[in-house]
Amino acid sequence: MDGQIAIVTGGAQNIGEAIARTFAGAGAGVMIADLNGDQAVATAATIAEQTGRAVKGIGCDVTVEADIQRCVDETVAVFGGISTLVNNVGWGRAVDDPLAVSAEEMIDSYRLNTISALRMTAACRPFLLQAQNASITNSGSMVGTLPAFDFLPYSAAKAAMNHMMLGLAHYFAGQVRINTVLIGTVLTAGYADAGLDAAAQEKLAHPNNLTGRAGSPQDVADAFLWLASRAGAWVSGQTIQVHGGGTRVRLKPQ
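Residues numbered from 1 in each chain as written. Predicted model: local features only at pLDDT ≥ 70, side-chain atom pairs only at ≥ 80, totals over all residues. Heavy atoms only, no water.

Caption draft 1: Inspection of the environment of Gly81 at higher detail. Inspection of the secondary structure assignment puts Gly81 in the loop between α3 (65-79) and β4 (84-87). Considered as a pair, Gly81 and Ala40 are 41 residues apart in the sequence and their alpha carbons are 20 Å apart. With near-sequence residues (within four places) excluded, Gly81 lies in contact with Ile5, Thr75 and Val76. (Helix = DSSP H or I, 4+ residues; strand = E, 2+ residues; numbered from the N terminus. Contact = heavy atoms within 4.5 Å.)

Caption draft 2: A look at the side chain of Thr75. On the secondary structure map, Thr75 appears in helix α3. When its relative accessible area of 0% is taken as the criterion, Thr75 is described as buried. Setting aside chain neighbours within four positions, we find Thr75 in contact with Ile5, Ile7, Met31, Gly80, Gly81 and Ile82. (Buried < 20%, exposed > 50% of the residue type's maximum accessible area, 1.4 Å probe, protein only.)

Caption draft 3: Local environment of the sheet that holds strand β1 (residues 5-9). Ordered by their spatial adjacency, seven strands build an open sheet running β3-β2-β1-β4-β5-β6-β7, and the pairing between neighbours is parallel. At either margin of the open sheet sits one strand with a lone partner, and together these are β3 (55-59) and β7 (238-242). Averaged over all neighbouring strand pairs, the angle between strand axes comes to 20°, with direction disregarded. Running over the sheet, α3 touches β1, β2 (29-34) and β3 and is turned about 160° from β2. (Pairing = 2+ DSSP bridges. Axes fitted to C-alpha atoms, helices over the stretch in contact; angles between N-to-C directions.)

Caption draft 4: Layout of the pairing of β4. Alternating positions in β4 separate into two faces, Thr84 and Val86 on one and Leu85 and Asn87 on the other, with burial throughout. Pairing between β1 and β4: three bridges, direction parallel. The residue bridging Ile7 from the neighbouring strand is Leu85, located in β4. Both β4 and strand β5 (residues 135-141) contribute to a ladder of four bridges, which runs parallel. Note that in β5 the partner of Thr84 across the bridge is Ser135. In this region the chain leaves β4, passes through helix α4 (residues 103-128) and returns to the parallel neighbour β5; the handedness of that crossover is right-handed. (Right-handed = clockwise from strand over helix to strand, strands pointing away.)

Caption draft 5: Here's a closer look at the pattern of salt bridges. One pass over the full model with this rule turns up six salt bridges. Among the ionic pairs, Arg21 bridges to Glu17, the shortest N-O distance being 3.1 Å. With a gap of four residues between them, Arg21 and Glu17 both fall in helix α1 (residues 14-25), about one helical turn apart. Using a relative accessible area of 27% as the deciding quantity, one classes Arg21 as partly exposed. Under the relative-accessibility criterion, Glu17 is labelled buried at 19%. (Salt bridge = Lys/Arg side-chain N within 4 Å of Asp/Glu carboxyl O.)

Put into structure tokens, the structure is as follows:
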């Protein structure tokens, strides 16, 4: 990714941090945008030291238009442009009764998990259209394609993002490549924050999938590297499943 300039939202920790580190290791300049600005700056400094590349951090609430614009302006000021956008930020909580979820919570989830990607894309558009190998890669989720009533606000918002970004891939045809990674179970600190206790996380750590394990942030970051780099230059408008091969299927009972 030599010569590429990337913004990674939600990049201060977990999967976002792995994406930022992997991009920098492949030669990109990276701006880490995160709600926790201090952690974004600290993570950027660590990655810069590890990779020898220019990595910066900035506080950014992606639900606030002014924060988005400030992030874009600062990235251009520091790096001279933007070629690569990673809409990684997102969050959802477990719910016991999906019909008890308020309209406000559904809208808030849509604002964070869907609209933020639209607004980041809009703010980056002038610079992406001037860049070589311009790309947008989104952190989707398998619950955006499979029933997940216990994460209804999050899963519905992720499903909407899949459709929205596919539409934008067709809008930007021939100019900006857009793909979404449908991420399976990757155990991070975010699972506890979402309301999954230690017992639930232990079960998720040993899934009945084709690889026999849960994923790591690096597993996901490697997929992002392929899609955002020149190696993925012929890939656009795709939702790529990165989830250990999915649930193992057999007809004979065990």
